[in-house]
Each structure stands twice: as C-alpha cells, then as structure tokens.
Amino acid sequence: MNDHLVVVKAAPFNAETALRRLGEGITPTPAFYVRSNFPVPALDPQSHTVAVEGAVARPLRLSVRDLRELGVKTLVTTMECAGNNRMALAPLPTGEPWQGGAVSTARWTGVPLGAVLERAGLQPEATEVVVEGADHGRPKDGPGDIPFARSLPVAKAMHPDTLLALEMNGEPLPADHGAPVRLVVPQWYGMASVKWVARIVAVTEPFTGYYQRQRYIYDYGDGAAPTPVTAMQVKSLIVSPLEGEEVAAGGVVVRGLAWSGAGGIVHVEVTVDGGENWQDARLLDAPSPYVWSSWEFHWEAGEPGRHALRCRATDSTGQRQPDSGKWNKYGYGSNGVRPIAVYIR
Ligand SMILES: Nc1nc2c(c(=O)[nH]1)N[C@H]1C(S)=C(S)[C@@H](COP(=O)(O)O)O[C@H]1N2
Ligand SMILES: [Mo]
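On a predicted model such as this, the values are computed, not experimentally measured, just so you know. (Residues numbered from 1 in each chain as written. Chains lettered and ligands numbered in written order. Predicted model: local features only at pLDDT ≥ 70, side-chain atom pairs only at ≥ 80, totals over all residues. Heavy atoms only, no water.)

Peer 1: I'm lost on the pairing of strand β18 (residues 265-271) in this one. Help?
Peer 2: Consecutive side chains along a regular strand alternate between the two faces of the sheet. Here β18 lies mainly inside the structure; five of its seven residues are buried. Bridge count between β18 and strand β22 (residues 305-315): six bridges; the pairing is antiparallel. In the sheet register, E269 faces β22, and the bridge partner there is R312. When β18 meets strand β19 (residues 279-280), the two strands line up antiparallel, connected through two bridges. Bridge pairing links E269 to D280 in β19. (Buried < 20%, exposed > 50% of the residue type's maximum accessible area, 1.4 Å probe, protein only. Helix = DSSP H or I, 4+ residues; strand = E, 2+ residues; numbered from the N terminus. Pairing = 2+ DSSP bridges.)

Peer 1: Got a minute to help me understand the environment of G305 in this structure?
Peer 2: Counting through the fold element by element, G305 comes out in strand β22. When its relative accessible area of 26% is taken as the criterion, G305 is described as partly exposed. Put simply, G305 and G23 are 282 residues apart on the chain and 26 Å apart in space, counted from C-alpha to C-alpha.

Peer 1: When you look at the site of ligand 1 in this model, what are you seeing that I'm missing?
Peer 2: The environment of ligand 1 is made up of 21 residues, and the closest members are Y33, D135, H177, R182 and K195. The separation between an oxygen atom of ligand 1 and a polar side-chain atom of R182 is 2.7 Å. In the model, a nitrogen atom of ligand 1 is placed 3.0 Å from a nitrogen or oxygen of the S193 main chain. For ligand 1, the accessible surface in isolation is 540 Å², of which the surrounding protein chains cover 100%. Structurally, ligand 1 is housed in the largest cavity. Residues that form the shell around ligand 1 fall into these classes: ten nonpolar, six polar and five charged. (Near = heavy atom within 4 Å. Polar contact = N/O pair within 3.5 Å; in protein donor to acceptor, adjacent residues only side chain to side chain. Areas by Shrake-Rupley, 256 points an atom, 1.4 Å probe, with all protein chains shown as cover. 1 Å grid on protein atoms, 1.4 Å probe; cavity = no way out; pocket = protein on both sides within 12 Å on 5 of 7 lines; lining within 4 Å. Sits in = over half its atoms within 2 Å of the grid points. Nonpolar A, V, L, I, M, F, W, Y, C, P; charged D, E, K, R; others polar.)

Peer 1: What is the right way to read the pattern of salt bridges from this model?
Peer 2: It is possible for side chains bearing opposite charge to pair when their charged atoms get close. As enumerated under the stated definition, the model contains twelve salt bridges in all. Put simply, E96 and K9 hold a salt bridge, and the shortest N to O gap is 3.1 Å. In this pair, E96 is assigned in the loop between β5 (73-80) and β6 (103-112) and K9 in strand β1 (residues 5-9), connecting sequence segments 87 residues apart. By relative accessible area, K9 is classed as partly exposed at 32%. In this structure, the salt-bridge partner of R68 is E167, at a minimum N-O distance of 3.1 Å. Taken together, the residues span a long stretch of sequence, with R68 in helix α1 (residues 64-69) and E167 in strand β9 (residues 163-168) at a distance of 99 residues. Taking the relative accessible area as the measure of exposure, R68 reaches 37% and is therefore partly exposed. A cluster of three or more residues bridged by salt bridges with shared partners is formed by K9, R35 and E96. (Salt bridge = Lys/Arg side-chain N within 4 Å of Asp/Glu carboxyl O.)

Peer 1: I would appreciate a short explanation of the environment of F13 in the present structure.
Peer 2: Inspection of the secondary structure puts F13 in the loop between β1 and β2 (14-17). The spacing of F13 and R35 is 22 residues in sequence and 7.3 Å in space, taken between C-alpha atoms.

Peer 1: Sorry, what's going on with the layout of surface pockets here?
Peer 2: A water-sized probe, rolled over the atoms, reveals where empty space remains. There is about 540 Å³ of room inside the largest pocket. In terms of residue class, the lining of the largest pocket is made up of ten nonpolar, seven polar and eight charged. Considered as a void within the structure, the second largest pocket measures approximately 280 Å³ in volume. Looking at the second largest pocket, the residues that line it are P45, Q46, S63, V64, R65, R68, L166, E167, P172, L173, A179 and P180. Residue assignment for the lining of the second largest pocket shows that the elements contributing at least two residues are α1 and β9. Counting residues per element, the lining of the second largest pocket draws most heavily on α1, at three residues. For the lining of the second largest pocket, the per-class residue count stands at seven nonpolar, two polar and three charged. (Points joined across faces, edges and corners; volume = space filled by probe spheres on them.)

Set out below in structure tokens:
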C-alpha cells in the first residue's frame, strides 16, 4: 500500500506499521496499522445512519450529522491489536501472523457513546452495549454470515472517553479505519474499537457473538473457561536501532516506546549484557495514560560484534512486562520481552 505499512494480508487488507515509522507520538494516518476481518463496506457518509435500539426508551436512527450535533471532543490514544506479536508465541497460534507493528497512536474526534445512549434513554436493566459494524462475512469456524460485533459493559460504554469517532488526525476517517464512524475505546485492545458502526444495541443478557465468545478471548488450553480480551497489557519495544542494524562503537542512543491499558508507564529498563544488569531508561514524556511514552537509553557500544538489546516496562499499577508472553490458543496479549540483535562495527 505504501512504504509505511508492511502488508500481512492483501484481502481483506491487513497491514502493520513499519517499525521505523513508529516513534513519533502520533502515527501519521498512512502509517497507522490496519486490521479488518472482512472486506471494507462501502458506506456513503451522507446517507449512512446508526441505529440505536434494544433496552432504550427511545430507539434512534442517527445520521453522521446528527451524531456531530451531539457535541464532539478530541483525544489521543494508542491502539494495539490483541494479536500484535502473535509471532513471538510458540507454538505459533492460529490467526494473522503479526510481528510487532500492529500498534499505533492517533488523535480522534468524535461523540461520546454515552451521549448517544443518554439521548436514547438507556434503561437501567441494560448490562452491556453491543456495537455492530456494517462489515460481514463467514469465519471458517463461525455460525454463517455474521457482522463484526463486540459488546462493552455499560460502565465502559458510558465512559466519557469512549467515542464514536468521526475524524482521525484531523481528517474524516479513511475507509480502512472505519469511515464514516467507528468506536474508539481507550486502554482496550483494538477489537473493542468497532469500525463502520451501523447498530448499537443495549442488552440485558451477556452478548454471545462470535467475536465475543469464539475470538478475542484468552483460552489457555487448560480447561478453564476462556475470558474475554479487554485492556492492553504492559509492553515496550525498541524503535532505534532496529533488529539487524549496525552501529558505530561509542555512544548510541537507544529509543523506544512503552504503553499499558492499566495506566501510565512509570519505569522502563534496558539490558545490553544478556540480562545480567537492567538499567533505567529515561522516560521522555508523560502523556496521558491513554498514550504510549517514549524513552531513551544511552548505550556505550563497545566490543565489535552482535549484541542483544532488550527492554521491559512497568506500569503505574506495578505490572511489569514478563520475559515471555503467556501462550493462549488464539495468541492474544503477547507482551513478552523481545531481544533484538544489533551489530557494533
Ligand atoms: N467492524 C469492524 N471493526 C473492527 C474490526 C473489524 O474487523 N471489523 N477489527 C478490530 C480489530 S481486531 C482492531 S485491532 C481494530 C483495528 O483498527 P484499525 O484498522 O483502524 O487499525 O479494529 C477493530 N474494529
Ligand atoms: Mo485486533
């Protein structure tokens, strides 16, 4: 598609951000990763409507203009696909073979989903809000032709920062990212941020759709009941130097990113000696808890040859990135520490 993205699947189009394009706070829109389960539905922003139904006092059908008139706000969030770094798990689980680039950050402008639910008169017996996209298809092990749909607990749906986004980085949403309206759920893995929103249904029973119960679940294969994938786990990565790169001996600035769906990053450590010593990296910014932090580390690059660099992050709740991500059947939440090989000339 362009030199910012590495294609993982041509149709439906799925691509991850080239690692050399990560690192600026906001990811330029053409470099933002794309993850779509089905072909992109062609929706006309002039005539498209969003139905709001189920356990509400006043069912609604809202045009994009009606939505905007409810009042928009803008926020910046980091979004990561739950399958990001699936390739790091062994044995490799089924699913798109994502390496590390299915994570990006954008500035979103939209209407709080809560404002829409309030306008519709959300009833007190509602427990979840199902958001359905206009895209559909037949997953191999699925129940036939189904739309992409996920539910949120009412509290998350009513959170003032859960947005029905109309704009991305100051422009109308591009088709691949859910035009003309998508959900943006800060701090949760990307599957919650339903694109091409067509229907919002307040329900009084737990939602059992395919993407709620058969996919985007943690199934550890130990016989325990699978649990739904929700918040992003703590993770960090090195964006410079990159895997395989050669650097001159002397002072090298190692740069990277770190994020967590549980809140801000308080600590990033780096090891350049095979894990004998972990040293603190310097956090360069303290953005909102919704946004990745960038960090840097001064490495005195000495002996010529191959060196393994590693980083690990700790978030404000004390969660530290594990040495290896916990294997699960569909390969979600893979947040283990990943060494990269760098060569000193
Ligand atoms: N309607 C719809 N919404 C969707 C998806 C989808 O396949 N269909 N994929 C989800 C997943 S798994 C992710 S990670 C994010 C990706 O959003 P992006 O393509 O804008 O990066 O969209 C989510 N929303
Ligand atoms: Mo995803």
